[in-house]
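Residue-level structure breakdown
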Amino acid sequence: GGALSLLQASFAADDHTSDPWSFHIKLLGTEGGVRYSHNDWVRNQKHIVHSHTYCAYPSTIEAASSYFAHEVLGEGKSPLSTMEDAIMCQKILEAAEVAIKEERHVRL
């Protein structure tokens, strides 16, 4: 029973490598795993400065929004994440800022 997480994102350049912009969501469990990235949904059309248009997780956003509207608001079920989850995300972001500024690891 544990978790492993890596947060990384970089959209600063027009990246044509095999793994452009390096943003992934990866879950590893005792019975399997899954990996998802922004690169899974691409339109071959120019967008501002980049040569491709990467859609912002259309199915993921649709599913989460649908669950919230239908199940949480409509049926009174619990949300998929809690305020404690949101607080932890904020702590992770703040720790990342400190780590960058002070060039050190930050323990949560």
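Below is a short write-up of the structure.

What counts, and where the lines are drawn
- One numbering rule holds for all chains: residues counted from 1, following each sequence as written.
- Local features are withheld for residues below a pLDDT of 70 in this predicted model, meaning they are given only at 70 or higher, and side-chain atom pairs are given and counted only at 80 or more; totals for whole chains, interfaces and linings count all residues.
- Each side-chain value is derived from all of the structure's non-hydrogen atoms; neither hydrogens nor water enter the calculation.
- A patch is a set of surface residues, each over 30% in relative accessible area and not in a salt bridge, joined within 9 Å for like charges and within 5 Å for the nonpolar side chains Val, Leu, Ile, Met, Phe, Trp and Tyr.
- Each accessible area value is a Shrake-Rupley result obtained with a 1.4 Å probe; residue values ignore everything except the protein chains displayed when judging cover.
- A side-chain nitrogen of Lys or Arg and a carboxyl oxygen of Asp or Glu constitute a salt bridge if their distance falls within 4 Å.
- The buried label applies to any residue whose accessible area, calculated with a 1.4 Å probe on protein chains only, is under 20% of its type's maximum; exposed applies above 50%, and partly exposed to all values in between.
- For helices the rule is a DSSP run of H or I covering at least 4 residues; for strands it is a run of E covering at least 2, with both sets numbered from the N terminus onward.
- Multiplying one less than the number of residues by 1.5 Å gives the expected span of a helix.
- For this analysis, a polar contact is any N or O atom pair within 3.5 Å, provided that within protein one partner can donate a hydrogen and the other can accept it, and provided that sequence-adjacent residues contribute only side-chain to side-chain pairs.
- Strands are treated as partners if at least two bridges between them are detected by DSSP.

Points about a nonpolar patch on the surface
- Together, Ile 25, Leu 27 and Val 34 line one region of the surface with nonpolar side chains, adding up to about 270 Å² of accessible area.
- Residue class for Leu 27 comes out exposed when judged on its relative accessible area of 54%.

Examining helix 2 (residues 83-102)
- In this model helix 2 runs 28 Å from its N-terminal to its C-terminal C-alpha over 20 residues, within 8% of the 28 Å that 1.5 Å per residue would give.
- The distance from a side-chain oxygen at the start of helix 2 to the backbone nitrogen of Glu 84 is 3.2 Å, and the residue carrying that oxygen is Thr 82.
- Among the residues trailing helix 2, Glu 103 stands out with phi positive, at a value near 50°.

Brief notes about the pairing of strand 1 (residues 24-29)
- Direction of pairing for strand 1 relative to strand 2 (residues 32-37): antiparallel, over a ladder of six bridges. When the sheet's bridge partners are listed, Ile 25 is paired in strand 2 with Tyr 36.
- Connecting the antiparallel pair strand 1 and strand 2 is a turn made up of two residues.

In short, geometric facts, not functional conclusions.
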